[in-house]
Amino acid sequence: MSFELPDLPYAHDALASKGMSKETLEYHHDLHHNAYVTTLNKLVEGTEWAGKSLEEIVKGTYQAGAVAQNGIFNNASQHWNHTQFWEMMGPGENALPGELEKAIVESFGTFDKFKEDFAAAGAGQFGSGWAWLVKDTDGGLKITKTENGVNPLCFGQTALLGCDVWEHSYYIDFRNKRPAYLANFLDNLVNWENVASRL
Ligand code: MN3
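Criteria and cut-off values
- Residues numbered from 1 in each chain as written.
- Predicted model: local features only at pLDDT ≥ 70, side-chain atom pairs only at ≥ 80, totals over all residues.
- Heavy atoms only, no water.
- UniProt positions renumbered as here; feature names shortened; annotations may be inferred.
- Domains from an automatic or database assignment.
- Contact = heavy atoms within 4.5 Å.
- Buried area = accessible area lost by both parts, 1.4 Å probe.
- Salt bridge = Lys/Arg side-chain N within 4 Å of Asp/Glu carboxyl O.
- Polar contact = N/O pair within 3.5 Å; in protein donor to acceptor, adjacent residues only side chain to side chain.
- Helix = DSSP H or I, 4+ residues; strand = E, 2+ residues; numbered from the N terminus.
- Buried < 20%, exposed > 50% of the residue type's maximum accessible area, 1.4 Å probe, protein only.

Where an unreviewed UniProt entry is consulted, the chain appears under the name Superoxide dismutase, with the organism given as Alloyangia mangrovi. According to the UniProt record, the Function (unreviewed entry) comment for the chain is "Destroys radicals which are normally produced within the cells and which are toxic to biological systems." The UniProt entry for the chain carries the following comment under Catalytic activity (unreviewed entry): "2 superoxide + 2 H(+) = H2O2 + O2".

See below:
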């Protein structure tokens, strides 16, 4: 049983008016994400990881503290990360559910302060990686940043929101302006209903 590239949960041009172009989604989903899936399938074939779930592979191959991770981890985690990422965005009005707003305000003071801290985490990730809003092991909400494909599963946390800050995610639409991409992601692209459903 091999892994498959999931369809985007919306059309490739569905986010264009919100700052993520059809071209970005064609490259990012159809080429980048697909490459992680096909490479993962090749790498796990004939290993102890064949037939295991994606989550089991991510958790089982993560090497805490290692400067560079192994190929199976990198491709498995990036497959998981991107699958979540597509679902965490949406073309609709993306209203903020009350229970999520309450939890965010309790943890960060105001919703604006949360957005400021999340954007700072993403802008401050040196090189490729991700910014996250997680539910930590103690149940509290926390903002984190991770390098390359490392994700909250590695630390036993629940991923509520993740933003890809690899250059391939923003270079077509925002060129080198990662902070502008992060601000637009938070203001226009996040499907807060999806985020709330992960609480
Ligand atoms: Mn990516």
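Let us keep going from here.
Peer 1: Just checking my understanding: could you explain the domain arrangement of the chain for this structure?
Peer 2: Note on interface size: it is often stated as the accessible area lost on association of the parts. Partitioning the chain into domains gives domain 1 (21-88) and domain 2 (98-197). Distance from the C-alpha centre of domain 1 to the C-alpha centre of domain 2: 19 Å. Listed as interface residues are 23 residues of domain 1 and, on the opposing side, 27 residues of domain 2. The junction of domain 1 with domain 2 conceals about 2000 Å² of combined surface from both sides, 63% of it contributed by carbon and sulfur atoms. Counting across the interface, domain 1 meets domain 2 through 0 salt bridges. Along the contact surface separating domain 1 from domain 2 lie 12 residue pairs in polar contact (both at pLDDT 80 or more). Broken down by secondary-structure element, the contributors of at least two residues to the side of domain 1 that touches domain 2 are helix H1 (22-44), helix H2 (54-61) and helix H3 (71-87). The element that contributes the greatest number of residues to the side of domain 1 that touches domain 2 is H3, accounting for 8 residues.

Peer 1: Just checking my understanding: could you explain the UniProt feature "binding site: Mn(2+)" (unreviewed entry) in the chain for this structure?
Peer 2: Per the UniProt record, "binding site: Mn(2+)" (unreviewed entry) is found at His28, His82, Asp164 and His168. On the basis of their most widely separated C-alpha atoms, the annotated residues across 141 residues gather in one place, lying no more than 12.3 Å apart. Relative to the elements of secondary structure, His82 occurs in helix H3. Judged by relative accessible area, which is 0%, His82 ranks as buried. With sequence-adjacent residues up to four places away left out, His82 is seen in contact with His28, His33, Tyr36, Trp130, Asp164 and His168. Here His168 is to be found in helix H6 (residues 167-174). Once you skip the residues sitting within four places of it in the chain, His168 turns out to touch His28, His32, Tyr36 and His82.

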